[in-house]
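A look at the structure
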Amino acid sequence: MIKTILGPIMLVAKDEKIAGLYFRHHVRRPSQEAFDSEAFGSEVVDSTDSLLNEAARQLRDYLAGRRREFDLPLAAGGDEFQHAVWDIVKGIQCGGMTT
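The present account deals with the structure reproduced in this document.

Conventions and cut-offs
- Residues numbered from 1 in each chain as written.
- Predicted model: local features only at pLDDT ≥ 70, side-chain atom pairs only at ≥ 80, totals over all residues.
- Heavy atoms only, no water.
- Salt bridge = Lys/Arg side-chain N within 4 Å of Asp/Glu carboxyl O.
- Helix = DSSP H or I, 4+ residues; strand = E, 2+ residues; numbered from the N terminus.
- Buried < 20%, exposed > 50% of the residue type's maximum accessible area, 1.4 Å probe, protein only.
- Patch = residues over 30% accessible without salt bridge, like charges linked within 9 Å, V, L, I, M, F, W, Y side chains within 5 Å.
- Areas by Shrake-Rupley, 256 points an atom, 1.4 Å probe, with all protein chains shown as cover.
- Core = buried A, V, L, I, M, F, W, Y, C linked by side-chain atoms within 4.5 Å.
- Contact = heavy atoms within 4.5 Å.
- Pairing = 2+ DSSP bridges.
- 1 Å grid on protein atoms, 1.4 Å probe; cavity = no way out; pocket = protein on both sides within 12 Å on 5 of 7 lines; lining within 4 Å.
- Points joined across faces, edges and corners; volume = space filled by probe spheres on them.
- Nonpolar A, V, L, I, M, F, W, Y, C, P; charged D, E, K, R; others polar.

Here we look at the pattern of salt bridges
Tallied over the entire structure, the rule returns 4 salt bridges. For E54, the salt bridge is made with R57, and the minimal N-O distance between the two is 2.5 Å. On the criterion of helical spacing, the pair formed by E54 and R57 is a turn pair, its members being 3 residues apart in helix α2 (residues 50-63). Of the residues examined, R57 reaches a relative accessible area of 38% and is grouped as partly exposed.

Comments concerning a nonpolar patch on the surface
A cluster of nonpolar side chains, contributed by F81, V85, W86, V89 and I92, occupies part of the molecular surface with about 460 Å² of accessible area. Here I92 lies in the segment after α3 (80-90).

Thoughts on the nonpolar core
Judged by nonpolar contacts, I2, I9, L11, I18, L51, L52, A55, A56, L59 and L72 together constitute the single largest core of 10 residues. When residues in this core are grouped by element, the largest group, 5 residues, is from α2. Ignoring any residue separated from it by four or fewer positions in sequence, one finds L51 in contact with A13, E16, K17, I18, L72 and P73.

Some words on the pairing of strand β2 (residues 7-14)
Pairing of strand β1 (residues 2-4) with β2, which is carried by 3 bridges, proceeds in the antiparallel orientation. Across the sheet, I2 pairs through a bridge with I9, a residue of β2. Once β1 ends, the chain turns through 2 residues before running back antiparallel as β2. As judged from the 6 bridges shared by β2 and strand β3 (residues 17-23), these two strands associate in the antiparallel manner. Note on β3: the bridge partner recorded for A13 is I18. The turn linking β2 back onto β3 is made up of 2 residues, and D15 within it adopts a positive phi angle of 50°.

Here we look at the environment of H83
Mapped onto the elements of the fold, H83 is located in helix α3. Among residues more than four places away in sequence, those in contact with H83 are A76, G77 and G78.

Observations regarding the layout of surface pockets
Roughly 1,400 Å³ of volume is contained in the largest pocket. Lining the largest pocket are 34 residues; nearest its centre among them are F70, L74, W86, V89 and K90. Those elements that place two or more of their residues in the lining of the largest pocket are β2, β3, α2 and α3. Across the lining of the largest pocket, the residue classes break down as 21 nonpolar, 7 polar and 6 charged.

Some thoughts on the environment of L52
Position of L52 relative to the elements: it lies in helix α2. Residue L52 is classed as buried on the basis of its relative accessible area, which comes to 9%.

What follows is the structure, encoded as structure tokens:
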């Protein structure tokens, strides 16, 4: 869990890739049982994990206006359609809009 100007955010990593980012009241947040199970592994302090530490730094920089892009390995779940949508969303410039 990291503190941000948006409130606490939980970063989740799997196999050395970022697999999730959850706000405290995230609509589709996994159940507490999922967090407590081996599905998410054990909780680590971001400063002791290089990937989570870098993800936290990049997220804070983005929220402070010092970063416009992220450079992190991602492990996004989802089906083929969801990945196609995310690929389109990735192409939208910071502050841009599209239809």
